[in-house]
Amino acid sequence: MTASISLVTPSYSGDFDCCKLLCLSVDRHVTGHDMHYIVVGDEDAALFAPLNGPRRRVVSSSSLLPTFWALPKWRGRRYWWSPAIHLPVYGWHLQQLRKIAMTLAQSSERVMCVDSDNVFCRPLDLSEIAAAPRLPHYVEPSQINPSRPNHVRWWQNAHRALGLPDPVLPGDDFIGPMTLWERETVKVMTARIEKTSGLPWWQALARQRHFSEYLVYGAAVAGDPTLAARHERVSESRCVTYWVGPPLDRAGLQALVDSLLPHQCAITIQSHTQTPIEIIREVAIGKA
């Protein structure tokens, strides 16, 4: 029976304060895990180094993936380039690749992917998830449809990357703020990408450019009865997300925390809402 699980968080300098708050909330509320891995670009390794600890390790991208070089900003966006890909990629592409690479490189049988802007507000014992006979796999049934063109493109590209037939819409959405993966499934997933493309998995995805790591994983599970049998489809998220809207004040954030259902333990406040991080810390985990 599986009995090991770790946390994986890709991050970068712009999310450093959020990531510090995430780490504080993990230390306060999360138990039962082997390690919390924070994966960053080499240029950010020194900034994140103070977050290292007995159960937290900051990992540089170059230890997991070939080098991507930063290009000058264009139209306010940062791009990255490697000789192995046709076109530059965004930083969020790299974060997806690093998440996959870290899952493959770490030793736990399962991982929980947790982004920097997540904050745990209640206790979570991950040993219960580690020992579950089947891995809970978050899904929103039939939520990929023509009204969400980006998701449709990611969903179609996920199937193509895996060598699967083009999917019929509507499709299931597997994107969530606290997503559970199985290392063995990621191994199967990346092997199939390499078999289909004839390229290293990271290179195939980077060349595709329009992809979602969670939809690739979801397509791999849904398209393989053996993998599907190791997962349990669940539609209840452990996290409440504030995606769009004005900055939350203390009352608004307290209302969000109070809205957590019994099975939920975390919140995600998207950075573009510009909610002050001091308020998030005070309301979500206290001042101490």
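These figures come from a predicted structure and were not determined experimentally. (Residues numbered from 1 in each chain as written. Predicted model: local features only at pLDDT ≥ 70, side-chain atom pairs only at ≥ 80, totals over all residues. Heavy atoms only, no water.)

Caption draft 1: Quick peek at the nonpolar core. Judged by nonpolar contacts, the single largest core of 62 residues is most densely connected at Leu97, Met112, Phe120, Met189, Ile193, Trp201 and Leu205. The contacts of Phe120, once residues within four sequence positions are left out, are Leu22, Ser25, Val26, His29, Val30, Met112, Val114, Met178, Cys265, Ala266 and Ile285. Core analysis: the second largest hydrophobic core is formed by 17 residues, Leu21, Leu253, Val257 and Ile285 among them. (Core = buried A, V, L, I, M, F, W, Y, C linked by side-chain atoms within 4.5 Å. Buried < 20%, exposed > 50% of the residue type's maximum accessible area, 1.4 Å probe, protein only. Contact = heavy atoms within 4.5 Å.)

Caption draft 2: Seen up close, the pattern of salt bridges. For the structure on display, the rule yields 11 salt bridges. Between Lys99 and Asp115 there is a salt bridge, with its nearest N and O atoms 3.5 Å apart. On the criterion of sequence distance, the pair formed by Lys99 in helix 3 (residues 91–105) and Asp115 in the loop between strand 8 (110–114) and strand 9 (118–120) is long-range, its members being 16 residues apart. With its nearest N and O atoms 3.1 Å apart, the salt bridge here joins Arg233 to Asp172. Of this pair, Arg233 sits in strand 15 (residues 231–234) while Asp172 sits in strand 13 (residues 171–173), and the two are 61 residues apart along the sequence. Residue class for Arg233 comes out partly exposed when judged on its relative accessible area of 47%. Given the relative accessible area of 18%, Asp172 is considered buried. Among the ionic contacts, a cluster of salt bridges with common partners joins Lys99, Asp115 and Glu213. (Salt bridge = Lys/Arg side-chain N within 4 Å of Asp/Glu carboxyl O. Helix = DSSP H or I, 4+ residues; strand = E, 2+ residues; numbered from the N terminus.)

Caption draft 3: Quick peek at the pairing of strand 6 (residues 77–81). Relative to strand 6, strand 5 (residues 69–74) is paired through four bridges, and the arrangement is antiparallel. Following the sheet pairing, Ala70 is matched in strand 6 by Trp80. Hairpin connection between strand 5 and strand 6: a loop of two residues separates the two successive antiparallel strands, and Arg75 in this loop has a positive phi of roughly 55°. The pairing of strand 6 with strand 7 (residues 89–90) spans two bridges and is classified as antiparallel. (Pairing = 2+ DSSP bridges.)

Caption draft 4: Main features of the sheet that holds strand 9. The mixed open sheet is built from three strands, whose spatial order is 9-17-16. The open sheet has two edge strands, strand 9 and strand 16 (239–242), and neither has a second partner. Looking at each pair of strands side by side, their axes are set apart by 20° on average, direction ignored. Pairing geometry for strand 9 and strand 17 (residues 266–269), over three bridges, is antiparallel. What sits directly across from Val119, in strand 17, is Ile267. Each of strand 9 and strand 17 touches helix 11 (residues 277–285); the most contacted strand, strand 9, lies at about 30° to it. (Axes fitted to C-alpha atoms, helices over the stretch in contact; angles between N-to-C directions.)

Caption draft 5: A look at the side chain of His29. Looking at where His29 falls in the secondary structure, it is placed in helix 1 (residues 16–29). Among residues more than four places away in sequence, those in contact with His29 are Phe120, Cys121, Arg122, Pro123, Leu124 and Ile285.

Caption draft 6: Here's a closer look at helix 6 (residues 183–197). Helix length check: helix 6, at 15 residues, gives a terminal C-alpha distance of 21 Å against a target of 21 Å (1.5 Å per residue), a fit within 8%. Restricting attention to buried positions, one finds in helix 6 the residues Arg183, Thr185, Val186, Met189, Thr190 and Ile193. Along helix 6, the residues classed as buried sweep out an arc of 155° about the axis, all on the same side. Gly198 occupies a position one or two residues after helix 6 and carries a positive phi of about 75°. (Expected span 1.5 Å × (residues − 1). Arc of directions from axis to C-beta.)

Caption draft 7: Main features of the sheet that holds strand 1 (residues 5–10). Strand order in the open sheet formed by five strands is 4-3-1-8-14, with mixed pairing between adjacent strands. Each edge of the sheet is formed by a strand with only one pairing partner; in this case those strands are strand 4 (56–60) and strand 14 (178–182). For this sheet the average axis-to-axis angle between neighbouring strands, irrespective of direction, equals 25°. Helix 8 (residues 213–222) contacts strand 8 and strand 14 of the sheet and is inclined by roughly 45° relative to strand 14.

Caption draft 8: The environment of Gly91, seen in detail. With respect to the helices and strands, the residue Gly91 is situated in helix 3. Sequence-wise, Gly91 and Ser11 are 80 residues apart; in three dimensions their C-alpha atoms are separated by 9.7 Å. Ignoring anything within four residues of it in the chain, the contact list for Gly91 reads Arg78 and Trp80.

Caption draft 9: Here's a closer look at unusual backbone geometry. Along the chain, Leu169 connects to Pro170 via a cis peptide bond; the corresponding omega equals 0°. Assignment of secondary structure puts Pro170 in the loop between helix 5 (149–161) and strand 13. Even without a glycine there, the phi angle at Ser142 is positive, about 60°. Tracing the sequence through the fold places Ser142 in strand 12 (residues 140–144). Although it is not a glycine, Arg209 adopts a positive phi angle of roughly 70°. Relative to the assigned elements, Arg209 resides in the loop between helix 7 (201–208) and helix 8. The exposure class assigned to Arg209 is buried, which follows from its relative accessible area of 17%.

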